[in-house]
There are 2 protein chains.
Amino acid sequence: MAHRVSNFRKHYSDRQSNLRVLVDMDGVLCDFELYLLESYKQKYPNEPCIELQDREGFWVKDQYEKLKEGLGANCVNVHNCKGFFKNLPEIPGSIEAVKELSQMENVDVFLCTSPLNYYKYCMQEKYAWVEKHLGKNWLEKIIITKDKTVVNGHVLIDDKPNITGAMLQPSWEHIVFTSCHNTGTNLHGKRRLDNWTDGTWRDLIEEFKKRVG
Amino acid sequence: MAHRVSNFRKHYSDRQSNLRVLVDMDGVLCDFELYLLESYKQKYPNEPCIELQDREGFWVKDQYEKLKEGLGANCVNVHNCKGFFKNLPEIPGSIEAVKELSQMENVDVFLCTSPLNYYKYCMQEKYAWVEKHLGKNWLEKIIITKDKTVVNGHVLIDDKPNITGAMLQPSWEHIVFTSCHNTGTNLHGKRRLDNWTDGTWRDLIEEFKKRVG
């Protein structure tokens, strides 16, 4: 369950436009972990793998490398392949939820995603994914950046537990989207959103709308 | 000449990190207009073209279309081609200037660029351009977004005269980089940076550093 939203920790005085909700892609909209595991098993059927319930830590390649030397590079080979990002399945309910979110009054949604270091395929495939699942109009909502602290939103929904960058105090509150790799992670007070299906995301957004309004 | 920087119109109270300078790519770092004209002449030698001194208005395809029906589509064909963005020449002095800028104390530089609607080649080629001209470390400074108003910087150096988006009052001051298409444009009080070669960019940055500090 996502924590209930009761404490209004901050009131935004900069109301000049809408509530800006930044939504990460991998691990929040697209099921990177599931598809990586499936593709890995297919590509390396004779190597050990890490089932989702055993995943720990944000960087999948680091956990594989600890399991056995060389397996980290196998992971990288899997996600660097042509077609990997294009074919990611959706996190259950994510598409419907962000479509609904974008139609809420006084809300602007942006898809805020980091590219791989190996950039040959991932960016245009992320665009193709968004076009296919959300439609052409959504392409203008994509922001590709390694540093999310400099994106000016009120909320960032992201499965990476620690997000740092040039701004020490970003404008957003980070809501940690629950993923297999972060279930045991100490979030140091950050709140979670556990899924897109039980409706708690609506409560969260309504709370933020009150703060901004 | 760039206007002299004397009026400190705004003092930033959010000093928590460095001065964040957002630098556009096309028209500021990369010579989109020159290369488009050259490539156009090569691809359509028997069609009329618009020399740089006659360019007016931000969207090159619109001016070509006005010149003769169908020429707008030709322009699009030119810049949508594989290799176009990768092969853009640098705006004189831009590479040296942003390298120097990034090494200034208390300054963070980000390259803030919009993708084409036709996204098949442009993003990875922009990355390849940055890697080639500025080095691998600069890849993490790239921000790709259609809406630059939501990027949280203090200064945006961009040749597009009117930049709008979800935020009505972006955090940055827009400094208009002079380009063939905007020399006659009314900037409604916005200041210009004319080039990277006469050193005025340093005065501009020093002024902003004082405001932020």
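Bear in mind that the values here come from a model prediction, so they are computed numbers and not experimental data.

Caption draft 1: Inspection of the pattern of salt bridges at higher detail. Residue and element names in this part refer to chain A. Counted by the stated rule, this structure contains 26 salt bridges over all chains. Residues E207 and R191 are paired through a salt bridge, measuring 2.9 Å at the closest nitrogen-oxygen approach. Of this pair, E207 sits in helix α6 (residues 200–212) while R191 is found in the loop between β5 (173–177) and β6 (192–193), placing the two residues 16 residues apart along the sequence. Overall, the relative accessible area of 3% leaves E207 in the buried class. It is possible to trace a salt-bridge network through shared partners that takes in E173, R191, E207 and R211.

Caption draft 2: Representation of the pairing of strand β1 (residues 19–23) of chain A within the structure. Residues and elements named next belong to chain A. Among the five residues of β1, five are classified as buried, and the element is accordingly described as predominantly covered. Side-chain alternation along β1 places L19, V21 and V23 on one buried face and R20 and L22 on a second face that is also buried. Pairing analysis gives five bridges linking β1 to strand β2 (residues 107–113), with the strands arranged parallel. What sits directly across from R20, in β2, is D108. The pairing of β1 with strand β4 (residues 155–158) spans three bridges and is classified as parallel. Paired with L22 across the bridge in β4 is L156.

Caption draft 3: Unusual backbone geometry, seen in detail. The residue H188(A) is not glycine, and still its phi comes out positive at about 50°. Within the fold, H188(A) resides in the loop between β5 and β6.

Caption draft 4: The sheet that holds strand β2 (residues 107–113) of chain B, seen in detail. Spatial ordering of the open sheet is given by β6(A)-β5(A)-β4(A)-β1(A)-β2(A)-β3(A)-β3(B)-β2(B)-β1(B)-β4(B)-β5(B)-β6(B), a layout of 12 strands whose pairing is mixed. Both outer strands of the open sheet, β6 of chain A together with β6 (192–193) of chain B, are each paired with one neighbouring strand and no more. With three bridges connecting them, β2(A) and strand β3 (residues 142–145) of chain A associate as parallel partners. Following the sheet pairing, T113(A) is matched in β3(A) by I144(A). Strands in contact with helix α4 (residues 94–103) of chain B are β1 (19–23) and β2 of chain B; relative to β2(B), the strand with the most contacts, it is inclined by about 140°.

Caption draft 5: Focus on the domain arrangement of chain A. Residues and elements named next belong to chain A. Here the domain parsing of chain A yields domain 1 (16–31 + 89–212) and domain 2 (32–79). Between domain 1 and domain 2, the residue contacts involve 12 residues of the former and 11 residues of the latter. Taking both sides of the interface into account, the surface hidden between domain 1 and domain 2 amounts to around 950 Å²; carbon and sulfur atoms contribute 68%. Summed over the three residues of domain 1 that lose the most area to domain 2, namely D31, C180 and H181, the buried surface amounts to 55% of that side. Joining domain 1 to domain 2, the criterion identifies zero salt bridges. If you look at where domain 1 meets domain 2, you find five residue pairs in polar contact (both at pLDDT 80 or more). A per-class count over the side of domain 1 that touches domain 2 returns five nonpolar, three polar and four charged.

Calculation rules
Residues numbered from 1 in each chain as written. Chains lettered and ligands numbered in written order. Predicted model: local features only at pLDDT ≥ 70, side-chain atom pairs only at ≥ 80, totals over all residues. Heavy atoms only, no water. Salt bridge = Lys/Arg side-chain N within 4 Å of Asp/Glu carboxyl O. Helix = DSSP H or I, 4+ residues; strand = E, 2+ residues; numbered from the N terminus. Buried < 20%, exposed > 50% of the residue type's maximum accessible area, 1.4 Å probe, protein only. Pairing = 2+ DSSP bridges. Contact = heavy atoms within 4.5 Å. Axes fitted to C-alpha atoms, helices over the stretch in contact; angles between N-to-C directions. Domains from an automatic or database assignment. Buried area = accessible area lost by both parts, 1.4 Å probe. Polar contact = N/O pair within 3.5 Å; in protein donor to acceptor, adjacent residues only side chain to side chain. Nonpolar A, V, L, I, M, F, W, Y, C, P; charged D, E, K, R; others polar.

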